[in-house]
Amino acid sequence: MYAALCWIVLSTMIFTFVSCFDGVENEYRVTVPTFATVTHDEVGNVRLYLDEGRGILDPSSESANIKWGDAVRVMIRYDLPIITGDNISMENTRFKSIVRSAVKIDTVSMVDVTGMDKYPSTLGNDTLLGFTMHAYRGYVTMQAWTATNFNFDMNCSFDRNKFDGENLYLNLHYNEKAGTWNNEFLQTVSATLPDFVRTPGAVTSDSLKIIMTAPVWYSSAKDSVYTDTVTCKISRTRLNPPTYSNSTGGY
């Protein structure tokens, strides 16, 4: 998993130096990928809240001509900003930079299976080679790999009765379907955290622990199946998706 993710990062880092005897023109940029949440103001401006505490990005005028449409979650490639100063926390820092590209990530609502003896067949329960997930600013982002490029439906479900104020238990559901997934990164879907978790006071600890399970092949030979589990934590201050006016930093 980590090797694949590292390959994505390394393959998108760009270093450019240009010089000549008559003049010197040096361009140095590092272009990296990350997930982001797209917000809009009332006149159509876009502000991107980057995952992993990378900051709040306003696309500069040099950015690619991206048709954002109704995209909420995206994978972008952007130029890292040059930040100066000591002890800078990027999470709430607004900055301008060039957005080179953006790919829309489907956003789904988690499925409530409280009180059900078995999952609805429409959710799907295909076995995976592996999966991962992270949570940030109101969204859980799930990635799965199957060693194929078939298209897919992916979502997760929850049982409200298992929520104890500190732990949210999720079941990952994957269903292969016709068509192909043509993007160079892992098959990806983002889901909004359910409303009952985001109710003030619902999370009683400093952070919410998310535990996700899914059926995974024991080996690449696909000779047996087991239930794999991945976990992550999200601060209770980051349970709600951002809006355009949430930003607190400046340029």
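An account of the accompanying structure is given in this report. The numbering scheme is per chain: residues are counted from 1 as the chain's sequence reads. Totals for whole chains, interfaces and linings use all residues, but because this is a predicted model, local features are given only for residues with pLDDT of at least 70 and pairs of side-chain atoms are given and counted only at 80 or more. Side-chain descriptors were evaluated using all non-hydrogen atoms of the structure, hydrogens and water having been removed beforehand.

Here we take up the sheet that holds strand β17 (residues 225-235). Sheet strands pair via backbone hydrogen bonds, and the direction of the pair is either parallel or antiparallel. The sheet built from 5 strands is open, its strands ordered β10-β13-β14-β16-β17 with mixed pairing. The sheet terminates laterally at β10 (111-112) and β17, the two strands that pair on one side only. The criterion for strand pairing is that DSSP finds at least two bridges linking the strands in question. Going along the chain from the N terminus, every DSSP run of H or I of four or more residues is numbered as a helix, and every run of E of two or more is numbered as a strand. Strand direction decides the pairing type here: strand β14 (residues 167-180) and strand β16 (residues 207-217), joined by 5 bridges, are parallel. Looking across to β16, one finds that Asn167 is bridged to Lys209.

Turning next to the pairing of strand β15 (residues 187-192). Only protein chains enter the area calculation, which uses a 1.4 Å probe; residues under 20% of their type maximum are buried, those over 50% are exposed, and those in between are partly exposed. Along β15, 5 of the 6 residues are buried, which leaves the element largely enclosed by surrounding structure. The sheet contact formed by strand β9 (residues 107-109) and β15 spans 3 bridges and is parallel. In the strand pairing of β15, Thr107 is matched with Ser190.

Now for the packing of aromatic side chains. Any two rings among Phe, Tyr and Trp, with Trp reduced to its six-membered ring, count as a pair given centres within 6.5 Å; such a pair is stacked if its planes are under 30 degrees apart, edge-to-face if over 60, and tilted if neither. The tally for this structure, following the rule as stated, stands at 7 aromatic pairs. Judged by centre distance (5.7 Å) and plane angle (85 degrees), the ring pair of Trp181 and Phe185 falls under edge-to-face. For Phe185, a relative accessible area of 4% puts it in the buried group. With a centroid separation of 6.2 Å and an interplanar angle of 80 degrees, the aromatic rings of Tyr218 and Tyr226 are classed as edge-to-face. An aromatic cluster is built from Phe152, Tyr174, Trp181 and Phe185, whose rings are joined through pairwise contacts. Ring-over charges, as used throughout, are those where CZ of Arg or NZ of Lys falls within 6 Å of the ring centre and within 35 degrees of the ring normal. Geometry around Tyr244 places Arg47 over its ring, the cationic atom sitting 4.0 Å from the centre.

To continue, consider the environment of Leu172. If you trace the backbone, Leu172 turns up in strand β14. Owing to a relative accessible area of 3%, Leu172 belongs among the buried residues under this scheme. Along the sequence, Leu172 and Met212 sit 40 residues apart, while their C-alpha atoms lie 6.5 Å from each other. Leave out the neighbours within four places in its chain, and Leu172 touches Leu128, Phe131, Met142, Met154, Asn155, Cys156, Met212, Thr213, Ala214 and Pro215. Contacts are assigned to residue pairs that have any heavy atoms within 4.5 Å of one another.

Ranked by internal contacts, the top residues of the largest apolar core, which has 38 residues, are Phe131, Val140, Met142, Leu168, Leu208, Ile210 and Met212. Elements with a minimum of two residues in this core: β11 (130-136), β12 (139-145), β13 (150-158), β14, β15, α2 (195-198), β16 and β17. Looking at this core, the element that brings in the most residues is β16, giving 5 residues. Contacts of Leu168, omitting those with residues within four sequence positions, involve Phe158, Phe163, Leu193, Pro194, Phe196, Val197, Leu208, Lys209, Ile210 and Ile211. Only buried residues count toward a nonpolar core, which is a set of Ala, Val, Leu, Ile, Met, Phe, Trp, Tyr and Cys residues joined through side-chain atoms within 4.5 Å.

Spatially, the 6 strands line up as an open sheet ordered β7-β5-β4-β3-β6-β8, and their pairing is mixed. Edge positions in the open sheet fall to β7 (94-97) and β8 (99-105), since each of these has one partner strand only. When the angles between neighbouring strand axes are averaged without regard to direction, this sheet yields 40 degrees. Of the pairings in the sheet, the one linking strand β3 (residues 31-40) to strand β4 (residues 46-50) comprises 5 bridges and is antiparallel in character. Within β4, the position partnered with Thr39 by the bridge is Arg47. Inter-axis angles, ranging from 0 to 180 degrees, are taken between N-to-C directions of lines fitted to C-alpha atoms, where helices are fitted over the stretch in contact.

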